[in-house]
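What follows is each chain in one-letter form.
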Amino acid sequence: MRNGRGKEHTTIIKRSSRKSHDAFHGGAWKVAFADFTLAMMALFMVLWIMGAVTEEERKEIVSQLNGESIFNGQSLSPITQPHGVGGKIAVTEKRDRGDHKAPSSKQETAKMRAVAAKGESLDDVNTRSQREIEDLARIIMKITSAYDAQSNLKIEIVPQGLRILITDDQKREMFQRSSAILTPFFKRLLTEFAPALNKIDNKIIITGHTDATRFRDQDLYNNYNLSGERAMQARKVLTNAGLAQDKVLQVSGMADQMLLDPENPLSSSNRRIEIMVLTHSASDSLYQFFGQHGEKIIKPIVDKLSQKK
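Cut-offs used in this document
- Residues numbered from 1 in each chain as written.
- Predicted model: local features only at pLDDT ≥ 70, side-chain atom pairs only at ≥ 80, totals over all residues.
- Heavy atoms only, no water.
- Phe/Tyr/Trp six-rings, centres within 6.5 Å; stacked < 30°, edge-to-face > 60°.
- Helix = DSSP H or I, 4+ residues; strand = E, 2+ residues; numbered from the N terminus.
- Core = buried A, V, L, I, M, F, W, Y, C linked by side-chain atoms within 4.5 Å.
- Buried < 20%, exposed > 50% of the residue type's maximum accessible area, 1.4 Å probe, protein only.
- Contact = heavy atoms within 4.5 Å.
- Patch = residues over 30% accessible without salt bridge, like charges linked within 9 Å, V, L, I, M, F, W, Y side chains within 5 Å.
- Areas by Shrake-Rupley, 256 points an atom, 1.4 Å probe, with all protein chains shown as cover.
- Salt bridge = Lys/Arg side-chain N within 4 Å of Asp/Glu carboxyl O.

Undergrad: Any chance you could break down the packing of aromatic side chains for me, citing the residues and the numbers?
TA: Counted by the stated rule, this structure contains three aromatic pairs. Arranged with centres 6.0 Å apart and planes meeting at 75°, the rings of Y147 and F185 form a pair that is edge-to-face. In this pair, Y147 is assigned in the loop between α6 (122–146) and β2 (153–158) and F185 in helix α7 (residues 184–199), connecting sequence segments 38 residues apart. Arranged with centres 5.0 Å apart and planes meeting at 85°, the rings of F215 and Y221 form a pair that is edge-to-face.

Set out below in structure tokens:
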């Protein structure tokens, strides 16, 4: 009994080790799954875009990626000529062929509807537009004669439309020197022009020009500032006199970059305002450069390339 009680029992606990699967795999499978998901999403986006984009738009994208210029094959006849004709109308081209395409399909559709409503062909419209421009030139000359301002006015009928040059001379200055304040005589003259310009359905460009006299501090103020402000002042007088604001397509200042008398850069004839009454094809060319109401400007070039193929 005593020996039995004295025995000590030893309990042995055996623990079996388990290998951790988490430790073996780690988080690499999550990264791989994320990459796969991203790749599938990218594939889906590519397929969706290809399905949503038209054949024409794909051609536009390809032409841009190939570095083709949207202006290839486009040319405009120069608007500014080295000389003007005073006191009479210079006819550079009698008829505008109207062979330019409008860049906007919406614009072209609206134009075609207007033509159809009047029962006119496009040739009839171009002929009527040219006739209206010639009539406008005669009205402007009549107003100028009434004001005895023939020495201050030069008119040319050019392929782009009617070019009206209003210049300084030895007797009269259009603006106060080195400022954009219009003198009363030329303010009245522009006021008389406004109703005539408003009668025809053509867009207008107003451009300011200076002589080669330079301001002392070119950074503070220069001829670009002056010519631009003078063009804006001319626009203000015309619109206040009744010219519809949406008829003015562009207002710009060209400083002394287009001298009428380059041999005498300080000549009074270089200080001028030019009003360009554009033909429809000329205004369409500007829309082609800048686009109209968000329309893509590359579209006409793609159309021409498609037609050549």
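Undergrad: Tell me what's going on with the nonpolar core, and back it up with residues and numbers.
TA: Ranked by size, the top nonpolar core spans 36 residues in total, and within it F193 and L197 carry the most contacts. Elements supplying a minimum of two residues to this core: α6, β2, β3 (161–167), α7, β4 (204–209), α8 (223–240) and β6 (272–278). Ranked by residue count, the leading element in this core is α7, at eight residues. Sequence-distant contacts of L197, that is, excluding residues within four places in its chain, are made with L136, I164, I204, L238, L243, K247, I275 and V277. Listed in part, the six residues of the second largest apolar core include I205, L278, A282 and L286.

Undergrad: Describe unusual backbone geometry, with residues and values.
TA: Non-glycine residue S178 carries a positive phi angle of around 60°. Checked against the element boundaries, S178 lands in the loop between β3 and α7. Looking at S178, the relative accessible area reads 48%, which means it is partly exposed. One non-glycine residue, A255, adopts positive backbone phi at about 55°. Within the secondary structure, A255 is located in the loop between β5 (248–253) and β6. By relative accessible area, which is 1% here, A255 ends up buried.

Undergrad: Pulling in residues and values, what's your account of a nonpolar patch on the surface?
TA: A surface patch of nonpolar side chains, amounting to about 700 Å² of accessible area, comprises W29, F33, F36, M40, L43 and L47. Assignment of secondary structure puts F36 in helix α3 (residues 28–52). According to the relative accessible area criterion, F36 is exposed, its value standing at 51%.

Honestly, it's all geometry; don't read function into it.
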